[in-house]
Amino acid sequence: MTDYFALLGETRRPWIAPEGLKNKFLSLSTQCHPDRVHQQGAEARQSANARYAELNAAYQCLSNTKERLLHLIMLESGAPLRDIQRIPPGTMEYFMEVAQLCKQLDLFLTERKQVTSPLLKVQLFEKGLDWADQISVLRKKLNGVSSGLENELKELSRVWDEAPSPARPQALSLDRLEQIYRTLSFLARWESQLQEKSVQLTI
């Protein structure tokens, strides 16, 4: 497994400053960017393109909080995650709230499709605006949870930096990182569902 942290010259840690990571990627990838090697020989172009693709894959992974955590956990533990689909502690209320809202929205969208009366269409349009507001409120709540986890990762990174590398898995709780990863995965899924419902309301 390629260590993307090492590839981009980053210390293994749960949180990385986005601007610093971007600068490292740009610095390392400049010389092998396809635009700079298109006039070189086929072998040199192939090598440069492979190098650029590898650096780009590393950047895409480490710049995404969820993917970075998964990569970090697998590097440190040497094993894939367990129970990825299990709902993390403290998130069941959001699971129920999203599920209930999506269920009610499906009923509303079905009802709206069947309406032909112009008067009823106006009334349902107003109801649609109310549903859009409810979606917006819930999405803000989920974004707040995501922001809180980002802040926690910043704090964990300080502890992480102080832990001795060989004993890091024992010194730090990878279980908490796994919980955060699973929570972020569910948050992304719920955000996608709410975004889809939001689009359907506008059609």
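Residues numbered from 1 in each chain as written. Predicted model: local features only at pLDDT ≥ 70, side-chain atom pairs only at ≥ 80, totals over all residues. Heavy atoms only, no water.

## With respect to the overall build of the protein
What the protein contains, in helices and strands, is nine helices and zero strands. Listed N to C, the secondary structure of the protein is α-α-α-α-α-α-α-α-α in terms of helices and strands. Expected size for 203 residues packed as a compact globule is a radius of gyration near 17 Å; at 23 Å, the protein overshoots this value by more than 25%. Along the first, second and third principal axes, the C-alpha atoms of the protein reach 65 × 50 × 25 Å. Going through the 203 residues of the protein one by one, you find that 35% of them count as buried. (Helix = DSSP H or I, 4+ residues; strand = E, 2+ residues; numbered from the N terminus. Rg over C-alpha atoms; globule rule 2.2 N^0.38 Å. Buried < 20%, exposed > 50% of the residue type's maximum accessible area, 1.4 Å probe, protein only.)

## So, a nonpolar patch on the surface
A surface patch of nonpolar side chains, about 280 Å² in accessible area, is lined by M92, F95 and M96. Note that M92 resides in helix α6 (residues 92–114). (Patch = residues over 30% accessible without salt bridge, like charges linked within 9 Å, V, L, I, M, F, W, Y side chains within 5 Å. Areas by Shrake-Rupley, 256 points an atom, 1.4 Å probe, with all protein chains shown as cover. Salt bridge = Lys/Arg side-chain N within 4 Å of Asp/Glu carboxyl O.)

## Focus on the pattern of salt bridges
For the coordinates displayed, the defined rule picks out ten salt bridges. Between R13 and D161 there is a salt bridge whose closest N-O contact spans 2.5 Å. Of this pair, R13 sits in the loop between α1 (4–7) and α2 (18–29) while D161 sits in helix α7 (residues 118–162); the two residues are 148 residues apart in sequence, bridging distant segments of the chain. For D161, a relative accessible area of 40% gives the class partly exposed. The partner of K66 in a salt bridge is E67, with the nearest N and O atoms 3.0 Å apart.

## Some thoughts on the confidence of the model for the protein
Per-residue confidence for the protein gives a mean pLDDT of 89, with 94% of residues at or over 70. Within the protein, helix α8 (residues 168–171) has the poorest average pLDDT of any element, 66, and α1 the best, 96. (pLDDT = per-residue confidence, 0-100.)

## Focus: helix α4 (residues 42–62)
With 21 residues, α4 should cover 30 Å at 1.5 Å per step; its first-to-last C-alpha distance of 30 Å lies within 8% of that length. Listing the buried residues of α4 in full gives A48, Y52, L55, A58, Y59, C61 and L62. (Expected span 1.5 Å × (residues − 1).)

## Some details on helix α5 (residues 65–77)
Spanning 13 residues, α5 covers 18 Å between terminal C-alpha atoms, matching the ideal 18 Å at 1.5 Å per step. Every buried residue of α5 is accounted for by T65, R68, L69, L70, H71, L72, I73, L75 and E76. You can read the cap of α5 off the contacts: a side-chain oxygen lies 3.1 Å from the backbone nitrogen of K66, and it is on N64. G78 sits one or two residues past α5 and shows a positive phi near 75°. (Polar contact = N/O pair within 3.5 Å; in protein donor to acceptor, adjacent residues only side chain to side chain.)

## Some points on the environment of D175
The residue D175 is located in helix α9 (residues 174–202) in this model. For D175 and L81, which are 94 residues apart along the polypeptide, the C-alpha to C-alpha distance reads 9.8 Å.

## Topic: the packing of aromatic side chains
Enumeration over the complete set of coordinates arrives at five aromatic pairs. Here the aromatic rings of F95 and W190 are separated by 6.4 Å at their centres, their planes lie at 55°, and the arrangement is tilted. Here the residue F95 occupies a position in helix α6, and W190 occupies one in helix α9, the gap between them amounting to 95 residues. The exposure class assigned to F95 is partly exposed, which follows from its relative accessible area of 31%. With a centroid separation of 6.3 Å and 45° between ring planes, the pair formed by F108 and W131 is classed as tilted. With F108 in helix α6 and W131 in helix α7, this pair connects stretches of sequence that are 23 residues apart. Judged by relative accessible area, F108 falls into the buried class, the value being 4%. Of the residues examined, W131 reaches a relative accessible area of 15% and is grouped as buried. In this structure, R189 packs its charged tip against the face of F186, placed 4.7 Å from the ring centre. (Phe/Tyr/Trp six-rings, centres within 6.5 Å; stacked < 30°, edge-to-face > 60°. Lys NZ or Arg CZ within 6 Å of the ring centre and 35° of its normal.)

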